[in-house]
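# Geometric and topological summary
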Amino acid sequence: MKKIFSLLVAAGLSFTAQAQNVGVSVSYFLPRNGYFSTPISPFSIRGVGINFTDYLGVQTGASLYRMSGLNMIDLPFDSKSPLVGPNFTLYVPLELVFQLKGNRAELDIKGGGFAFYGADQKLNYGNMDRSLRSYQSWDVANSDLSFQNNPGVGLQFGAEFTFYITDRVGLSLEGNYLAGTSKMPLKGSVTGGNMGGQLQTVSINYPDAKVDFTGFEISMGLIFKNGGASKKPSARRRR
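Because the structure is a prediction, the values reported are computed rather than measured.

Analysis parameters
Sequence order as written defines residue numbering, which begins from 1 separately in each chain. Local features in this predicted model are restricted to residues whose pLDDT is 70 or higher, and side-chain atom pairs enter the listing and the counts only when it is 80 or higher, whereas totals over whole chains, interfaces and linings include all residues. With hydrogens and water stripped out, all remaining heavy atoms of the structure feed into the side-chain values. Stacked, edge-to-face and tilted labels apply to pairs of Phe, Tyr and Trp rings (six-membered ring for Trp) whose centres lie within 6.5 Å, assigned for plane angles under 30 degrees, over 60, and everything in between, in that order. Elements are defined by DSSP. Helices are runs of H or I of four residues or more, strands are runs of E of two residues or more, and each kind is numbered from the N terminus. Only protein chains enter the accessibility calculation, which uses a 1.4 Å probe. A residue is then buried if its area is under 20% of the maximum for its type, exposed if over 50%, and partly exposed in between. The rule for a charge over a ring is simple: NZ of Lys or CZ of Arg within 6 Å of the ring centre, and within 35 degrees of the ring normal. For this document, the term salt bridge refers to a Lys or Arg side-chain nitrogen within 4 Å of an Asp or Glu carboxyl oxygen. To qualify as a nonpolar core, a set must consist of buried Ala, Val, Leu, Ile, Met, Phe, Trp, Tyr and Cys residues joined through side-chain atoms within 4.5 Å. We call two residues in contact when some of their heavy atoms are within 4.5 Å.

## Considerations on the packing of aromatic side chains
Aromatic ring pairs are reported here in terms of the distance separating the ring centres and the angle at which the planes meet. For the coordinates displayed, the defined rule picks out 13 aromatic pairs. Between tyrosine 65 and tyrosine 91 the ring centres are 6.5 Å apart and the planes differ by 65°, which places this aromatic pair in the edge-to-face class. Residue tyrosine 65 is found in strand β3 (residues 56-67), and its partner tyrosine 91 is found in strand β5 (residues 87-101); the two are separated by 26 residues along the sequence. Just as tyrosine 65 is buried, tyrosine 91 falls in that class too. Taken together, Phe29, Tyr65, Tyr91, Phe114, Phe116 and Phe213 form an aromatic cluster joined through their ring pairs. The ring of phenylalanine 88 carries arginine 66 above its face, with NZ or CZ at 4.3 Å from the centroid.

Here is the structure:
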């Protein structure tokens, strides 16, 4: 998995030199059962790629997100609140793009995969303890957990609509659905109990626990064409 992540990062960097158009945009990530998050400017360059034909191409890039909070899955209990974060997450997509072009508009249909890695990872003990308290049917709970952080991969699909206000300037609206996970085994213990009773300590070992990188990424920006071609590979800086 680490090799795949490294290859995708290298691909994003190698394609940068081939960009013909430039642009700027604002992006947001809305994770499932997580907190609203944004990329860190200027560490986000997207839409970098090459066209194989007038209608088919490949795009990549990279975004460094300041994740406010992501959830976890494959635990013996469900949580509607994020159990990890905040952290810094590097996200690298690799997409096949099908382009439908008009005189003033273009619709790009995208699909592919992505890799990600959450640096400076930490647990949200407040939400974790509340989930464990409900799972154990206790009044109070206090956990002490360790975890193993890993890179993750996933699939994504979406679309981008660009309307050219002038021959050189276009307004872009894009939305993507992401579904990925990274392994994050949890071990430790939780101490708690009910009011008026004795406290007890229970061991925790959740080897299948995963960070849930599922949600919608939306962006809006401007595209600036270079040259006279109707559409070239583009590079957009997001913030």
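Having seen the model, we can carry on.
## Brief notes about the pattern of salt bridges
All chains considered together, the criterion is met by 7 salt bridges. Residue lysine 110 pairs with glutamate 160 through a salt bridge whose shortest N-O separation is 2.9 Å. Placement of lysine 110 in strand β6 (residues 105-119) and of glutamate 160 in strand β8 (residues 152-164) is noted, with a sequence separation of 50 residues between them. Between lysine 110 and glutamate 174 there is a salt bridge, with the nearest N and O atoms lying 3.1 Å from each other. On the criterion of sequence distance, the pair formed by lysine 110 in strand β6 and glutamate 174 in strand β9 (residues 169-183) is long-range, its members being 64 residues apart. Judged by relative accessible area, glutamate 174 falls into the buried class, the value being 6%. By sharing partners, the salt bridges in this structure join Lys110, Glu160 and Glu174 into a single network.

## Here we look at the nonpolar core
Grouped together as the largest cluster of nonpolar side chains are 27 residues, with contacts concentrated most on Met72, Leu75, Leu123, Met128, Leu186, Tyr206 and Phe213. Of all the secondary-structure elements, those providing two or more residues to this core are β3, β6, α2 (125-136), β7 (140-147), β10 (186-193), β11 (200-206) and β12 (210-224). Apart from the residues within four sequence positions on either side, tyrosine 206 is in contact with Leu75, Pro76, Phe77, Leu132, Tyr135, Pro185 and Leu186.

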